[in-house]
Every structure is written in structure tokens, then in C-alpha cells.
2 protein chains.
Amino acid sequence: MKQLINLSATFIFATTGIAFADPLPSWADTEARTRIIAFVDGVTDASSEDYVTPSDRIAVFDNDGTLWGEQPVYFQLIYAVDTVKEMAKNDPSVLTSDALKAAAAGDFAALAKGGLEAILEVINATHSGRSVDDFQANVADWLETAKHPTTGLGYDQMTYQPMVELLSYLRDEDFKTYIVSGGGVHFMRVFAERAYGIPPEQIIGSYSDSSYKMVDGEPTVVKEPGIAFVDDKEGKPVNIERIIGKRPVIAGGNSDGDFAMIEWTTAGKGPHLGLIVHHTDGEREVAYDCDSHIGQLCDGLEKGPDMGWLIVDMAKDWSVIYTGAR
Amino acid sequence: MKQLINLSATFIFATTGIAFADPLPSWADTEARTRIIAFVDGVTDASSEDYVTPSDRIAVFDNDGTLWGEQPVYFQLIYAVDTVKEMAKNDPSVLTSDALKAAAAGDFAALAKGGLEAILEVINATHSGRSVDDFQANVADWLETAKHPTTGLGYDQMTYQPMVELLSYLRDEDFKTYIVSGGGVHFMRVFAERAYGIPPEQIIGSYSDSSYKMVDGEPTVVKEPGIAFVDDKEGKPVNIERIIGKRPVIAGGNSDGDFAMIEWTTAGKGPHLGLIVHHTDGEREVAYDCDSHIGQLCDGLEKGPDMGWLIVDMAKDWSVIYTGAR
């Protein structure tokens, strides 16, 4: 009998042991952490009125500024500019416009002056006219060596460790975690599985026009110039509805580009959690919100709290920022 | 010791018992069935050179004519025509065009004469100007009572039993099964989970324009007039690449609308299986291929076998056709 009891104790410890491990070690012991854990406990407790069946446990997160950094400019734009530089090194005649010349010179201020048109030109020149496979191989090469101008870290080391832990925690609790980002879907898929544990089919983003054609006798999907869908603002709920077909239970973002996605999620029936990552940490990262040239956050701060959204204060709520800076 | 041996035998039987159950009971004992099982055995055997890691086991199938019937016209068009009839009953003034009048009269021949334009008008009139939720509730109501004109079966009883078994078998072998169909994504999601075991996020199809707006104070995704993407022909590989981000291992279809999808799949590196459901059974279903007004199949029959595609002969290879006719 004693042996049986010992065996049972071992069994109980072994099967429930995971509950004793801290799921969010890089979150400080603040209200944000408490609220997240209480929410997850509620939706996963079969005896709770907040219980959500596993197949409906959908969690969506923006990428730039929510799961990894986005300053001084979106990392995908840095990739594009670096790629123009490479192209110009091989063949300077490709620099046929002011926008491409600004990119080759690494002059982001001049690019910004050219507005959306200039940026689209740089994106088209670097993101189209080649197969998805070629494009992704090129992004992978870039990620291997490129370093961020101020942190000196590789870009895929600039993921936010607390958010990486949150994604993993949610998956352990049978959530399906998705990225829903204004960033390019083909770009993000190069690193998201390794960096976040999110497979290609759970990454939703903006995308270019594509064509299916024979290239050197091989059927190939080719990225064409032109952006077919911008996965930002109202485009986010539209795309989630179109691709996932379920209203999420959790939505997280950091800018007003995420407002519609979080609004739609938290207006749903049943329990839901809206989360805003507020960039408050000027020492360990960059402090910015409503006046920022990138990741502007005004509405979310003003209206989010009244809708029950959790505003995460990076300086207070996170004990670590970058995964690569642990 | 004897007890231990008995225990081991029980354990072995319990854990491997599933392998003894016939995974494809409605497939006749023909080469098609043998090839499918041999292929699945190869890609799931870790010691085989054909082994595919579970996360890459993606199987995509067309819906109309592949997983359920499509004669005498696509069932979604029958839904649209029935809905115009309902609308006209409530308010005859909605019949503002010849196309809508033909639909209200159930005159498919007149509709066909009006061509794509007439059909799009009927689709727009019935599929837009309301929320996705409203639309799907309406489709669900229709499915509950509507009967097919020749079989008398409910439409969701006209799924092909052998294909339902194939989907289930593939999932048991850790494949992720997807629908990739020219049919509307919102339409298919109403019944696909129940009928095929395929959840909303694994259904890819054509889709209308959508908007995100406030309706009666609630954030709502609304279906708008206009078709934003036609998930047919070259659109299928483009959409698979965009939404799944992996080249499938198995692709099945029944018409030349599926040719590009199967071609792209079977041109991939590593093991792959292309499958065409050939409608050969004029007694139990409808026999049609190259000359058909719907689900036309010429290229697949002519070029598929040379590319190693499995041409399934419904009359010979399937012992049962409809799920509802078992």
C-alpha cells in the first residue's frame, strides 16, 4: 500500500509538474502578469463559466513592435535597403530613381521624404520578380549576418523574450498562436517558426501579387510587383475572418494599426483578452507612442482601458526585453 | 512471467490495434486503394527514404466534384437561386434584372445563357450586403431543409464516403487536411467541419470583398459585392503558397481547375501524390469529364498519368459513393 501511495505521488508530480514551473519568467510580478494568468486559467478550466473549448482558443498577435522591435524603422525595410545596396554593388544601373538612390545610400530620411510611393518602390524592387523560394533564401542569408544599428544584435535576436514566453505558455494551454501583421507574410515565415514557434500556416501578413508560372521548366510561384493586400488596420479583422474563420479569444498589438483587430476580438461573445504592448522603456528599448513616426499608438491608449484592454508597460512589467540580451 | 507476457501481448494489441482496422472501407480492393496506402505507409515510416516529418504532411483537396457532388450545377449556386426565390417571395421588387428573374424562376438554362455576368449578379445579390455571421446562419438554415433535385438527399449528405474516409485516414497519420476550392470560403465553412472533420482555418476558397464596420454598434465583418479572389486554376497554388506557406505532399481534385494545384504539388521535391477523381459512374452518380459543362476534365486525364497522378475511377474504385446513401 505504501508503495502504491509513493507511486501515485510520483505520478501526480510527474503529470502536474508543469503547473509548478513559472510560465512567464521574464514578466515582473505585476498586475499584467496576474491578469494574463488569471485569464488563461479561466478559459482552460472546464468547470469555469469562462471555459473555451480548445478548438476555439485562437490567439493573434501583431509582429513589428509587439513580438520584436520596430525602431528606428521596420526591420523589413532595413532588409529592403540592404538589398538595394547589394544590387547596386553588382550593377549600379539598377538605381533608376531617387527612391532607389536614397536606399542605396542608406538614407532613410530621404526615403521617408518620398513617402509611401518611395517606400513601395524600394519594396517592389527587392521583393518581386523572383520566386518565393528565392526571396526567402535571400532573407535567410541577410538575417544570418545583418546587425541592428543601435543594439548590434541580429534582428531575430530582437524578439521580446516576455512575448516569446507568452506564446509558448498559450500553446501549452492549447491555444493556437497566430501572427497577424502588417509585415510581409513571406518575409516573416523565414524566421517565425524558429523565433516564436509559429509555423508558416499560422502567419498572416501583407502580401504581394503572385503568379504561378513555369520558370526553367519548373512550376513556380513568383512574387510580382504590387501589393495585393495590406494586413493593417481594418484589414486585420478582415483577414482573420477570411483565413482563420473564427473570432480570436486573445489579440495583442502595440499600435493603432492593431486597434480594429483588438476591438473586434474584445467585442466578441464569451471571454476575451485585448493586450497592448506600450513602449515605455527609453533605457532598455525606445519610449514612444502617440507622436511616433512608427508604431503610432493614440487610440489604443485612450480607448483601450475603457474596453478592458490590458496595457502592458514594458518598463514595469517586463524584467527582460530582448531574447538576445538575456 | 506468464502474466507479464500476457500483459505485453495486451499492450501490443492495444497500441497497434488501429493498424488492423481498415482505414478505407468504402474503397474497392483495386490498385487505387493499394497505391494510396503504400504512399501513406512510405511517408509515415521513419525508416523509409520517403519519410516526411509530420509538420510537412499537408494534404489539399478540391471540394466540388472531389469531396461532394457538383451536378447538375454547383450546390452553392443552387443555394443562391433558392435564396433569390425566398427574397422575391418577401419582396418581388428585388428582381431588377433578367438574371435575378431567371434565378427566381429556377431557370438554370436562362442563367447559363447570361454567362458569368448573370451568375455573378445572382451571387452578389445573395452573398453580400450582410455580415459573415448572418450569411452563414442563412446557409445553415438552407442546408437543413434543401434537397438535391435528383438524389433527394440533403446536400451535405452528398459527400463522397470514400473521400471522407481518406481525409480521416490521412489525419490519423498526422496529415493536416485542407480544402482548396473554387467554392466560397464562407459557404464551405458552414458544413465542412461536420461533414469532413476540417476546421474553418483549414478551408481555403474564393472570397468576396469584405469590410470591417460598425453595424448596430457592433464591430462586424460584412460581405461586400465583388469577388476579391477566385481560388481556381493558377489561383490555387498561389493561395496555398500565400495561406499555408508550404508545398503540399498530397493534392486531389477532379477537374482542370485543379490542374495547377496538382502539378505544383507533384513537381515538389520529395514524395508526393497527385490524385484525380474521375467521374465514371453514370449509374450511381453522373459520368462526365472533358465535354462536361461543369467540372471539365481534359488536361488531367491526358497529362496526369504521365506525371504519375493516380486517376481514381469512381465506378471501379469506390464501393460506395454518397455518405448519405450508405
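Residues numbered from 1 in each chain as written. Chains lettered and ligands numbered in written order. Predicted model: local features only at pLDDT ≥ 70, side-chain atom pairs only at ≥ 80, totals over all residues.

Looking at this model, I keep getting lost on the packing of helix H3 (residues 75-90) of chain B against helix H6 (residues 115-127) of chain B. Mind explaining?
Packed helix pairs are characterised by how far apart their axes lie and by the angle those axes make with each other. Residue and element names in this part refer to chain B. Closest axis-to-axis distance for the H3/H6 pair is 9 Å, and the angle between their directions is 65 degrees. Viewed along their axes, H3 and H6 adopt a mutual orientation that is roughly perpendicular. Here H3 runs over H6; the crossing is left-handed. Contact residues: Leu77, Ala80, Val81, Thr83 and Val84 in H3; Ile119, Val122, Ile123, Ala125, Thr126 and His127 in H6. Class assignment for the residues of the contact of H3 with H6 results in 8 nonpolar, 3 polar and no charged. (Axes fitted to C-alpha atoms, helices over the stretch in contact; angles between N-to-C directions. Helix = DSSP H or I, 4+ residues; strand = E, 2+ residues; numbered from the N terminus. Parallel < 35°, antiparallel > 145°, perpendicular 65-115°, else oblique. Left-handed = near helix turned anticlockwise from the far one by under 90°. Contact = placed C-beta atoms within 7 Å. Nonpolar A, V, L, I, M, F, W, Y, C, P; charged D, E, K, R; others polar.)

Explain the relation of the copies chain A and chain B to me, please; I cannot follow it from the model alone.
Turning one copy of the chain about an axis and sliding it along that axis gives the other copy, so a rotation and a shift relate them. Overlaying chain A with chain B gives an RMSD of 0.0 Å, the required rotation being 180 degrees about an axis along which the chain moves by 0.0 Å. Put plainly, the chains are arranged around a two-fold axis. Using C-alpha coordinates, one finds that chain A approaches the rotation axis most closely at Ile243 of chain A, a distance of 3.7 Å. Mapped onto chain B, 100% of the interface residues of chain A again fall at the interface, so both copies present the same surface. (Least-squares fit on C-alpha atoms with pLDDT ≥ 70 in both.)

I keep staring at the interface of chain A and chain B and nothing clicks. Help me out?
Where interface size is given, it is often the accessible area lost as the parts come together that is meant. Listed per partner, the contact involves 27 residues of chain A and 27 residues of chain B. Looking at the side of chain A that touches chain B, the elements that each hand over two or more residues are strand E4 (203-215), strand E5 (218-229), helix H11 (235-243) and helix H12 (259-266) of chain A. Looking at the side of chain A that touches chain B, the element that brings in the most residues is H11 of chain A, giving 5 residues. The residue inventory of the side of chain A that touches chain B, partitioned by class, reads 16 nonpolar, 3 polar and 8 charged.

What is the right way to look at the sheet that holds strand E3 (residues 176-184) of chain A in this model?
Across a sheet, paired strands are connected by hydrogen bonds in the backbone, their directions being either parallel or antiparallel. All names here are of chain A. Read across the open sheet, the 8 strands follow the order E2-E5-E4-E3-E1-E6-E7-E8; overall the sheet is mixed. Looking along the sheet, the strands with just one partner apiece sit at the ends: strand E2 (130-131) and strand E8 (310-313). Sheet topology note: the E3/E4 ladder contains 3 bridges and is parallel. What sits directly across from Val180, in E4, is Ile204. (Pairing = 2+ DSSP bridges.)

Where do I start with the environment of Arg35 of chain B in this structure?
Residues and elements named next belong to chain B. Turning to its location among the elements, Arg35 is positioned in helix H2 (residues 31-44). C-beta crowding within 10 Å serves as the criterion here: with 15 such atoms nearby, Arg35 is assigned to the partly exposed category. Through-space distance from the C-alpha of Arg35 to that of Leu310 is 8.1 Å; in sequence the pair is 275 residues apart. (Buried ≥ 20, exposed ≤ 12 C-beta atoms within 10 Å, placed from the backbone.)

How do you make sense of H12 of chain A when you look at a structure like this?
For an α-helix the count is 3.6 residues per turn, leaving residues at separations of three or four pointing the same way. When you tally the buried positions in H12 of chain A, you get 8 out of 8 residues, the bulk of the element. Considered for burial, the residues of H12 of chain A that qualify are Phe259, Ala260, Met261, Ile262, Glu263, Trp264, Thr265 and Thr266 of chain A.

Sorry, what's going on with the sheet that holds strand E1 (residues 58-61) of chain B here?
Residues and elements named next belong to chain B. Taking strand neighbours across the sheet as the criterion, the 8 strands line up as E2-E5-E4-E3-E1-E6-E7-E8 in an open arrangement whose pairing is mixed. In this open sheet, the two edge strands, each paired with only one partner strand, are strand E2 (130-131) and strand E8 (310-313). Pairing analysis gives 4 bridges linking strand E6 (residues 250-253) to strand E7 (residues 273-278), with the strands arranged parallel. In the strand pairing of E7, Gly252 is matched with Leu275.

What should I look at first to understand the confidence of the model for chain A in this one?
Any residue range with low pLDDT should be treated as having predicted coordinates unsuitable for detailed reading. Residues and elements named next belong to chain A. Overall, the predicted model of chain A reaches an average pLDDT of 93, with 94% of residues at or above 70. Segment residues 1-18 is flagged for pLDDT under 50; beyond a separation of four residues in sequence, or across chains, it makes 0 contacts in the model. Listed scores for the predicted complex are pTM 0.93 and ipTM 0.92. (pLDDT = per-residue confidence, 0-100.)

Can you walk me through unusual backbone geometry in this structure?
Keep in mind that most residues, glycine aside, have a negative phi and that most peptide bonds are trans. That bond from Gln71 of chain A to Pro72 of chain A is cis: its omega, 5 degrees, falls within 30 degrees of zero. Within the secondary structure layout, Pro72 of chain A lies in the loop between strand E1 (58-61) and helix H3 (75-90). Notably, Asp216 of chain A is not glycine yet its phi reads approximately 50 degrees, a positive angle. Looking at the element boundaries, Asp216 of chain A is found in the loop between E4 and E5. One non-glycine residue, Asp174 of chain B, lies in the positive phi region at around 70 degrees. Structurally, Asp174 of chain B can be placed in the loop between helix H8 (161-172) and strand E3 (176-184). By C-beta crowding, Asp174 of chain B is classed as partly exposed, having 13 other C-beta atoms within 10 Å.

Before we go on, may I ask you to explain the pairing of E6 of chain B in this structure?
Consecutive residues of a regular strand have side chains that alternate between opposite faces of the sheet. All names here are of chain B. Judged by which residues are buried, E6 turns out to be covered on both faces: Ile250 and Gly252 on one side and Ala251 and Gly253 on the other are all buried. Across 3 bridges, the pairing between E1 and E6 is parallel. For Ala59, the partnering residue across the bridge sits in E6 and is Ile250. Following the chain from E6 across helix H12 (residues 259-266) to the adjacent parallel E7, one finds a crossover that is right-handed. (Right-handed = clockwise from strand over helix to strand, strands pointing away.)

Which parts of the structure should I look at to understand the domain arrangement of chain A?
Residues and elements named next belong to chain A. On domain assignment, one finds that chain A holds domain 1 (23-72 + 158-325) and domain 2 (75-145). Distance between the C-alpha centres of domain 1 and domain 2: 26 Å. Domain 1 puts 15 residues into the contact, and the matching count from domain 2 is 12 residues. Of all the secondary structure elements, the ones that give two or more residues to the side of domain 1 that touches domain 2 are E3, helix H9 (185-188), E4 and E5. Top element by residues in the side of domain 1 that touches domain 2 is E5. It accounts for 6 residues. Tallied by class, the residues present in the side of domain 1 that touches domain 2 amount to 7 nonpolar, 5 polar and 3 charged. (Domains from an automatic or database assignment.)

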